[in-house]
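Fold and geometry: a report
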2 protein chains.
Amino acid sequence: MDKNNMKIRLDFNNMLEEYLGDKGISLKQIDGLKNKIEKANKEMVTKREAGKMDFRNLPNNQDDVVKEIKQYVNDVKDKFEAFVVLGIGGSALGPMAVHQAINHPYYNEVSREKRGGFPKFYVADNVDPEKLTYLFETIDITKTLFNVVSKSGQTSETMSQFMIVKKMLEEKMGKDAKNNIVCTTDKENGNLVSICEEEGYKKFIIPSGVGGRFSELTPVGLLPACMTGVDIEELLKGASFMDEICKNENIFENPAYMYGILNYIAMEEGKNISVMMPYADSLKYISDWYGQLWAESLGKSVNNNGDKVNTGQTPVRALGATDQHSQVQLYMEGPDDKVIVFLGVDKYKEKLVIPKSYENVPSLSFLGGESQNKLIKVEQMATEYALMESGKLNMTLTLPEVNEFTIGQVLYMFEVATAYAGELLEINAFDQPGVEAGKNATYAMFGRDGYEKKKKEIENRPVKKEKYII
Amino acid sequence: MDKNNMKIRLDFNNMLEEYLGDKGISLKQIDGLKNKIEKANKEMVTKREAGKMDFRNLPNNQDDVVKEIKQYVNDVKDKFEAFVVLGIGGSALGPMAVHQAINHPYYNEVSREKRGGFPKFYVADNVDPEKLTYLFETIDITKTLFNVVSKSGQTSETMSQFMIVKKMLEEKMGKDAKNNIVCTTDKENGNLVSICEEEGYKKFIIPSGVGGRFSELTPVGLLPACMTGVDIEELLKGASFMDEICKNENIFENPAYMYGILNYIAMEEGKNISVMMPYADSLKYISDWYGQLWAESLGKSVNNNGDKVNTGQTPVRALGATDQHSQVQLYMEGPDDKVIVFLGVDKYKEKLVIPKSYENVPSLSFLGGESQNKLIKVEQMATEYALMESGKLNMTLTLPEVNEFTIGQVLYMFEVATAYAGELLEINAFDQPGVEAGKNATYAMFGRDGYEKKKKEIENRPVKKEKYII
């Protein structure tokens, strides 16, 4: 494979004044950010060197980890019918995105042979009591490997699932239960690593400097991927290939930087919505993964100086061509408040020809002899064209094919773009202080020790009025 | 069943000044809309009577249709292993939402017995060549019933799928192929009704005055629902029950009207995002269905007077508790640009207890002896509380249980709310002129007769620059 033939391409023509007129972004505007850009470029290098952007090392520092994962998968995969991730947020969204991208769209329904000999795959990322109960009805837990993923080991959702599963397994299997659990957690901090040691669970380590939403290329994502037949070495090679591209200081040659800059300008101009619209079912969950990355990283109340800024762009998942029949009316005619990012594919894995028929029906005959491949591509171009004509900012990221190497590039490019946008916004893209309030309220309502004050505060909140419940 | 115990409840306390301070909506603001509200109330009655809101009659005028659907399902269901909807937009989103709400979450993976004897269920709502090819690998098409859904019979996506499936079936089954196809279409207009007559397909009718996004309670939704064991009479009874409630002219007793008014005020104040966040996996696709309804109905460039308005609110799907680990950081700290609507459930179908364990680990011990049911509910309340505390507009719609009767209410309430919001905005909530541009561009690129001018226009568009593709 010639890597350069597999390079993903960011087309930002339709973001620019040259195509959108005064609704577009001008080169002058970009040039006006020169100082900011220089500063951001420098920060990207400095922070990486200082170990403050450890996700950037993942493409190139995991030879041993990859070897260990492959060995483990090879040892255990035939013993299990199903593999279940118990994880939430980044621990779920990344694995689902890569699985959907690479594997059979009806993976769990086809024969094991069609799955390449790998077990079925589930992600239990919610504490919905119905969903989990019905999962236990669907699988044989004694033939299931559960992957408990929590860096801190105190994620209530994941750890409560683990407690349930552990008991069920032990009731059925006694001491052997331990073989049905594998953990992915921090090297030394948190509860889960010590639990692993006590119980004798196999464990994989999440590097301490990598947060949940940047963790898909750690064992958080690599283990589930490998367990379902994804070539994780290619995934990392794709990321590594993109890492070289993302080192380029020239923003007109660096797609991650350019993505960050154009969105930064758009945000400043009030575009508070970031739509990601893949034209391929296989890329559908990439938008969900991106949704966390972009929202949680950039949605911040204060900047690095402590000034109130309330930044952030709300990610919206759409799917082409499907959502042309759901969302595009709004994108065309509604408020001018979005940046729309299409994900396109040059070559789909299959070709599906539309047979010639109904030659006398004008609205059908033009389809005969064509293919679904052409239809979806033309619809993508037509939507892009219509949006451009009506002055809506849009970009297109194209994958030559959907495979591990291109998906590795996509993941890594958006991670760098997010970090870079964080630099431009001068915020901390790597924390999430805003979720603490909800967590603390949860602990308080459960009467956890140390949260008595919060509990009192909640109990004293204004009572809801019945008349406002109808 | 006492219907009143199954009434869904809209809690809008947290939209109001009394709870959110100056970030909330005041009763005075609502009162200030008195004239507008009176006018909208009147329009809702007048338009219904004039046959311009035919979706409102669906709960009560379909006895014969229901009978016919039930009879047909009863006659054919045992002959098929799978039922596939070929439809897009409203023809797909409604059926998926109801299926997910009522049926087993791993419906296609469990035994036919656990499915109540009903066939497997698929929705092919995209023209992705991979997805459809792999579907054919997953099912036996000779044992599959395909439901072709298109009101006009000229939906390119659906009709091209139909052309493919028809040929495949005829090659395998000859004349018997016709028994594997059932159509849902207009009574007299369009291609599909005449195709049905020529080919001898069984057909069901979409009432002419009901558009795609309002069609879930027509055979578009009722046939797939019935074919998977959903009690469609209860669904309609729920809608009918809500219809009575929605006739109330007192906005403080009419949840649909109040929903429209509060969102209208929020939109006027720049809240251009409508988040729907169910705390139940079963309600996940209700947000997707709502996403089309709200976006396509209210996203309009001109009002009834022809003035440029560019209205609309962008719907965002979230899922609690999962997306607390993905989106809530942004909702808490990002721009103040949203109305967040929680969907809650009083009583889940299952209870899942968390066993006592790790009593010495404070971050885990408080969970032992509790249940997933309590955890998800407490997390919902905690998130609602945290958002209220930080002044973010939010509402909660609670279903006593998720069943046909409550889902019927939910669907119908949001439909009325959407129509009502359209009246307040003084726009046409029932058309979608903005999608024509993309459709026409598609036809032109395919070289369809009559689109020569458009084709030339597209060919003459500004050429993209290579340097802006990186």
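For the rest of this paragraph, the subject is the sheet that holds strand β8 (residues 314-317) of chain A. Picture the strands of a sheet paired through backbone hydrogen bonds; they go either parallel or antiparallel. Residue and element names in this part refer to chain A. One open sheet accounts for five strands, arranged β1-β10-β9-β7-β8; its pairing is mixed. Each edge of the open sheet carries a strand with a single partner, namely β1 (9-11) and β8. Averaged over all neighbouring strand pairs, the angle between strand axes comes to 20°, with direction disregarded. Two elements, strand β7 (residues 273-278) and strand β9 (residues 338-345), share six bridges in a ladder whose sense is parallel. By the bridge assignment, Ile273 is partnered in β9 with Lys338. The strands that helix α12 (residues 284-298) touches are β7, β8 and β9; relative to β7, the one it contacts most, it runs at about 160°. Sheet contacts for helix α15 (residues 372-389): β1, β9 and β10 (394-399); angle to β9, the most-contacted strand, approximately 160°.

Here chain A averages 97 in pLDDT, and 100% of its residues register 70 or above. Scored by ipTM, the complex comes to 0.97, with pTM at 0.98.

Our next topic: unusual backbone geometry. Residue and element names in this part refer to chain A. Cis peptide bonds are those with omega within 30 degrees of zero, and the linkage from Gly320 to Ala321 qualifies with -5°. Relative to the assigned elements, Ala321 resides in the loop between β8 and α13 (328-333). With a phi close to 45°, Asn310 is a non-glycine residue in the positive phi region. Residue Asn310 is classed as partly exposed on the basis of its relative accessible area, which comes to 26%. Backbone geometry at Glu426 places phi at a positive 55°, although glycine is not the residue there. Inspection of the secondary structure assignment puts Glu426 in the loop between α16 (404-425) and α17 (436-445).

Our focus in this paragraph is the packing of aromatic side chains. Summed over all chains, the structure comprises 43 aromatic pairs over all chains. When the centroid spacing of 5.4 Å and the interplanar angle of 55° are considered together, the rings of Phe12(A) and Tyr468(B) count as tilted. You can see Phe12(A) sitting in the loop between β1 and α1 (17-20) and its partner Tyr468(B) sitting in the segment after α18 (452-459), one on each of two chains. Neither residue differs from the other here; Phe12(A) and Tyr468(B) are each classed as buried. Ring centres 6.0 Å apart and planes at 90° place the aromatic pair Phe162(A) and Tyr201(A) in the edge-to-face group. Residue Phe162(A) is located in helix α7 (residues 156-173), and its partner Tyr201(A) is located in the loop between α8 (191-199) and β6 (202-206); the two are separated by 39 residues in the primary sequence. Members of the aromatic cluster, each reached through a chain of ring pairs, are Phe55(A), Phe214(A), Tyr412(A) and Phe430(A). The cationic tip of Lys202(A) hangs over the ring face of Phe204(A); the distance from NZ or CZ to the ring centre is 4.9 Å. Here the basic side chain of Arg448(A) rests over the ring of Tyr443(A), its NZ or CZ set 4.3 Å away from the ring centre.

Here the focus is the interface of chain A and chain B. Often, the extent of an interface is quoted as the loss of accessible area upon association of its parts. Taken residue by residue, the interface counts 151 residues in chain A and 152 residues in chain B. Looking at the side of chain A facing chain B, the largest losses of area belong to Phe446(A), Tyr468(A) and Ile470(A), adding up to 7% of the total buried there. Between the two partners, chain A and chain B, sit twelve salt bridges. The salt bridge involving Asp288(B) is made with Arg317(A); its shortest N-O contact spans 3.6 Å. Taken together, the connections running from chain A to chain B amount to 67 residue pairs in polar contact (both at pLDDT 80 or more). Ranked by residues supplied to the side of chain A that touches chain B, first place goes to α15(A) with 14 residues.

If you look at the biggest cluster of nonpolar residues, it comprises 335 residues, and the most contacted ones within it are Tyr259(A), Ile407(A), Phe414(A), Ile407(B) and Phe414(B). The contact partners of Ile407(B), leaving out residues within four places of it in the chain, are Val98(B), Ala101(B), Ile102(B), Leu235(B), Leu283(B), Ile286(B), Leu399(B) and Val402(B).

Moving on to the sheet that holds strand β2 (residues 82-86) of chain A. Residues and elements named next belong to chain A. Pairing is parallel across the open sheet formed by five strands, whose spatial order is β3-β2-β4-β5-β6. The open sheet has two edge strands with one neighbour each: β3 (120-124) and β6. Neighbour to neighbour, the strand axes of the sheet diverge by 20° on average, direction disregarded. Of the pairings in the sheet, the one linking β2 to strand β4 (residues 144-149) comprises five bridges and is parallel in character. Bridge assignment links Val85 to a residue of β4, and that residue is Asn147. Along the sheet face, helix α6 (residues 129-138) touches β2, β3 and β4 and points at about 165° away from the line of β3.

Take the relation of the copies chain A and chain B next. The two chain copies are connected by a rotation around an axis plus a translation along it. Superposition of chain A onto chain B requires a rotation of 180° combined with a translation of 0.0 Å along the rotation axis, giving an RMSD of 0.0 Å. Here the two chains are linked by the operation of a two-fold rotation axis. When the interface residues of chain A are mapped onto chain B, 100% of them are again interface residues, pointing to one common binding face.

A word on the pattern of salt bridges. Counted under the stated rule, the structure contains 64 salt bridges over all chains. A salt bridge links Arg48(B) to Asp243(B), with the nearest nitrogen and oxygen atoms 2.9 Å apart. In this pair, Arg48(B) is assigned in helix α3 (residues 34-49) and Asp243(B) in helix α10 (residues 232-245), connecting sequence segments 195 residues apart. Given a relative accessible area of 18%, Arg48(B) falls into the buried group. Beyond isolated ion pairs, a larger network of salt bridges with shared partners links Arg48(A), Arg56(A), Asp243(A), Glu244(A) and Lys247(A).

We now examine α10(B). Residues and elements named next belong to chain B. End to end, α10 covers 20 Å across 14 residues, agreeing with the expected 20 Å (1.5 Å per residue, within 8%). Where burial is concerned, most of α10 is hidden: ten out of the 14 residues are buried. Buried-residue contacts for α10 involve α3, α4 (63-76), α5 (90-102), α9 (219-227), α11 (255-268) and α16 (404-425). At the N-terminal end of α10, a side-chain oxygen is found 3.1 Å from the backbone nitrogen of Glu233, two or three residues along, and the residue is Asp231.

We now examine the packing of helix α11 (residues 255-268) of chain A against α12(A). Residue and element names in this part refer to chain A. Running from N to C, α11 and α12 cross one another at 60°; their axes reach a closest spacing of 14 Å. Judged on the interaxial angle alone, α12 and α11 are oblique. Classified by chirality, the crossing of α12 by α11 is right-handed. Each of Tyr259, Asn263 and Met267 in α11 lies in contact with α12, whose residues at this interface are Tyr290, Trp294 and Leu298. In the contact of α11 with α12, the residues fall into five nonpolar, one polar and no charged.

Turning our eyes to something else, we now look at the side chain of Gln100(A). Residues and elements named next belong to chain A. Mapping Gln100 onto the fold places it in helix α5 (residues 90-102). For Gln100, a relative accessible area of 18% translates into the label buried. One polar contact links the side chain of Gln100 to the main-chain carbonyl oxygen of Asp281, over a distance of 2.9 Å. Apart from residues lying up to four places away in sequence, Gln100 is in contact with Asp281, Ser282, Lys284 and Tyr285.

Residue and element names in this part refer to chain B. The first and last C-alpha atoms of α3 sit 23 Å apart over 16 residues, in line with the 22 Å expected at 1.5 Å per residue. Within the span of α3, buried status applies to Ile37, Ala40, Asn41, Met44, Lys47 and Arg48. In a view along the axis of α3, the buried residues occupy a sector of 140°, so they form one face of it. In this structure, α3 carries Asn35, Lys42 and Glu49 as exposed residues pointing more than 90 degrees from its buried face. Where α3 is buried, its residues meet α2 (27-32), α10, α11 and α16. In the stretch just after α3, Gly51 is the one whose phi turns positive, near 75°.

For the rest of this paragraph, the subject is the packing of helix α7 (residues 156-173) of chain B against helix α8 (residues 191-199) of chain B. Helices that pack against each other are described as a pair by the angle of their axes relative to one another and the distance between those axes. Residue and element names in this part refer to chain B. One way to put it is that α7 packs onto α8 with a least axis distance of 13 Å and a crossing angle of 10°. The angle between α7 and α8 falls in the class roughly parallel. Across the interface between the two elements, Met159, Phe162, Lys166 and Glu170 of α7 pack against Leu192, Ile195 and Glu199 of α8. Looking at the contact of α7 with α8 residue by residue, the classes come out as four nonpolar, no polar and three charged.

Once that is clear, we can look at the environment of Ala318(A). All names here are of chain A. Relative to the helices and strands, Ala318 resides in the loop between β8 and α13. Distance from Ala318 to Ala266, taken between C-alpha atoms, is 19 Å for residues 52 residues apart in sequence. For Ala318, the contacting residues outside a window of four places in its chain are Val275, Met276, Met277, Pro278, Ser287, Asp323 and Tyr331.

The rules we used
Residues numbered from 1 in each chain as written. Chains lettered and ligands numbered in written order. Predicted model: local features only at pLDDT ≥ 70, side-chain atom pairs only at ≥ 80, totals over all residues. Heavy atoms only, no water. Pairing = 2+ DSSP bridges. Helix = DSSP H or I, 4+ residues; strand = E, 2+ residues; numbered from the N terminus. Axes fitted to C-alpha atoms, helices over the stretch in contact; angles between N-to-C directions. Contact = heavy atoms within 4.5 Å. pLDDT = per-residue confidence, 0-100. Buried < 20%, exposed > 50% of the residue type's maximum accessible area, 1.4 Å probe, protein only. Phe/Tyr/Trp six-rings, centres within 6.5 Å; stacked < 30°, edge-to-face > 60°. Lys NZ or Arg CZ within 6 Å of the ring centre and 35° of its normal. Buried area = accessible area lost by both parts, 1.4 Å probe. Salt bridge = Lys/Arg side-chain N within 4 Å of Asp/Glu carboxyl O. Polar contact = N/O pair within 3.5 Å; in protein donor to acceptor, adjacent residues only side chain to side chain. Core = buried A, V, L, I, M, F, W, Y, C linked by side-chain atoms within 4.5 Å. Least-squares fit on C-alpha atoms with pLDDT ≥ 70 in both. Expected span 1.5 Å × (residues − 1). Parallel < 35°, antiparallel > 145°, perpendicular 65-115°, else oblique. Left-handed = near helix turned anticlockwise from the far one by under 90°. Nonpolar A, V, L, I, M, F, W, Y, C, P; charged D, E, K, R; others polar. Arc of directions from axis to C-beta.

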